[in-house]
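# Architecture and fold: a report
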Amino acid sequence: MSEQPGEPSKAPESDSLLPIDEHVEEGQDAEGRKVRHRGVYLLPNLFTTANLFAGFFSIVSAMNGKYEVAAIAIFVAMVLDGLDGRVARMTNTQSAFGAEYDSLSDMVAFGLAPALLAYKWALSGLGNVGLTVSFIYAACAALRLARFNTQIGKVDKRYFIGLASPAAAGVVAGMVWALKDLGVDGVDMSLVVVLLFALLVAAAGALMVSNIKYYSFKDFDLKGRVPFVAILVVVLVFAVIFSDPPRILLLIFLAYAASGPAQRLLQVRRRKQVE
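What you are looking at is a predicted structure, and each value in this text was computed from that prediction instead of being measured. (Residues numbered from 1 in each chain as written. Predicted model: local features only at pLDDT ≥ 70, side-chain atom pairs only at ≥ 80, totals over all residues. Heavy atoms only, no water.)

If you look at the biggest cluster of nonpolar residues, it comprises 58 residues, and the most contacted ones within it are Ile74, Leu117, Leu123, Tyr137, Leu163, Phe197 and Val201. Within the residue set of this core, elements represented by two or more residues are helix 1 (42-63), helix 2 (67-90), helix 3 (96-121), helix 4 (128-151), helix 5 (165-181), helix 6 (191-208) and helix 8 (245-274). Sorting elements by how many residues they give to this core places helix 5 first, with 10 residues. What Tyr137 contacts, discounting residues up to four positions off in sequence, is Phe110, Gly111, Pro114, Ala115, Ser165, Ala168, Ala169, Val172, Val201, Ala204, Gly205 and Met208. (Core = buried A, V, L, I, M, F, W, Y, C linked by side-chain atoms within 4.5 Å. Buried < 20%, exposed > 50% of the residue type's maximum accessible area, 1.4 Å probe, protein only. Helix = DSSP H or I, 4+ residues; strand = E, 2+ residues; numbered from the N terminus. Contact = heavy atoms within 4.5 Å.)

Here it is, written out as structure tokens:
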């Protein structure tokens with residue numbers, strides 16, 4: 001998978017039996033010397049591929065009118081997206097290729113899939129307005145992911161700058177899933193309700209490209225020992241979520257999306273009080 005430090009670079013074989021060049025990635029070893037790695041890590045990229053498939057499956061399901069299935073597939077993609085990063089860090093298999101592949105998969109699962117789901121379920125009834133709102137969400141997701149890639153290693157990893165794309169997708173998909181579970185179809189909703197849903201989709205997109213900070217939960221130590229009561233809390237959380245997944249998940253993601261602006265308002269209020 002890798003070459004020794006100082007090994008001269010070799011041109012790729014032009015007469016390879018496979019019409020695909022080997023991936024070569026440059027990095028540094030523990031002593032700061034340049035090292036060239038060949039190939040990609042399989043384990044974390046398996047989860048990323050599954051994340052990509054879940055997003056693709058969501059798009060296909062939305063196109064076929066299976067909106068509840070499409071929303072659930074987006075939540076499945078969130079679980080897989082969280083696993084690939086954790087697995088890569090725990091097994092020390094991070095790579096530039098994995099980071100780029102993860103971002104592209106996230107664009108499908110948390111950018112295009114929620115935008116298409118929102119449009120097909122309700123926003124198509126608004127004509128060009130609904131199309132514009134859906135595109136704004138997709139474009140904001142792309143901008144959010146591009147900005148995130150440029151900020152890796154430059155910002156405090158405890159916080160996201162702007163709402164993370166999986167959380168924004170959770171707001172949109174959660175709303176569709178919760179209403180669809182109640183038997184509400186987008187085409188049956190009044191114009192006022194559809195406009196409110198459009199505002200929700202646009203707001204989720206705007207929060208992704210904002211400068212509002214959100215807690216990332218990346219400083220949680222999953223490998224260390226915890227008090228026994230922590231396991232009981234985890235069991236309780238799972239029990240609460242599975243008691244009513246559509247509405248509980250929607251409330252969780254709505255609360256998380258609102259936590260950033262609320263925290264910003266509190267900071268502004270405190271500054272005014274100090275002044």
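That covers the picture; the talk isn't over yet.
Take helix 1 next. Spanning 22 residues, helix 1 covers 31 Å between terminal C-alpha atoms, matching the ideal 32 Å at 1.5 Å per step. On its buried face, helix 1 sits against helix 2 and helix 3. The first or second residue beyond helix 1 is Gly65, which carries a positive phi of 80°. (Expected span 1.5 Å × (residues − 1).)

Our focus in this paragraph is a nonpolar patch on the surface. A contiguous nonpolar patch, built from Phe53, Phe56, Phe57, Val60 and Val69 and spanning about 450 Å² of accessible area, is present on the exposed surface. Considering every element that reaches the nonpolar patch, the biggest residue donor is helix 1, with four residues. (Patch = residues over 30% accessible without salt bridge, like charges linked within 9 Å, V, L, I, M, F, W, Y side chains within 5 Å. Areas by Shrake-Rupley, 256 points an atom, 1.4 Å probe, with all protein chains shown as cover. Salt bridge = Lys/Arg side-chain N within 4 Å of Asp/Glu carboxyl O.)

This paragraph deals with the pattern of salt bridges. Going through the model one piece at a time under the given rule, you end up with three salt bridges. Measuring nitrogen to oxygen at the nearest pair gives 2.4 Å for the salt bridge that ties Asp185 to Lys180. Ionic contacts of the salt-bridge type, sharing partners, join the residues Asp181, Asp244 and Arg247 into one network.

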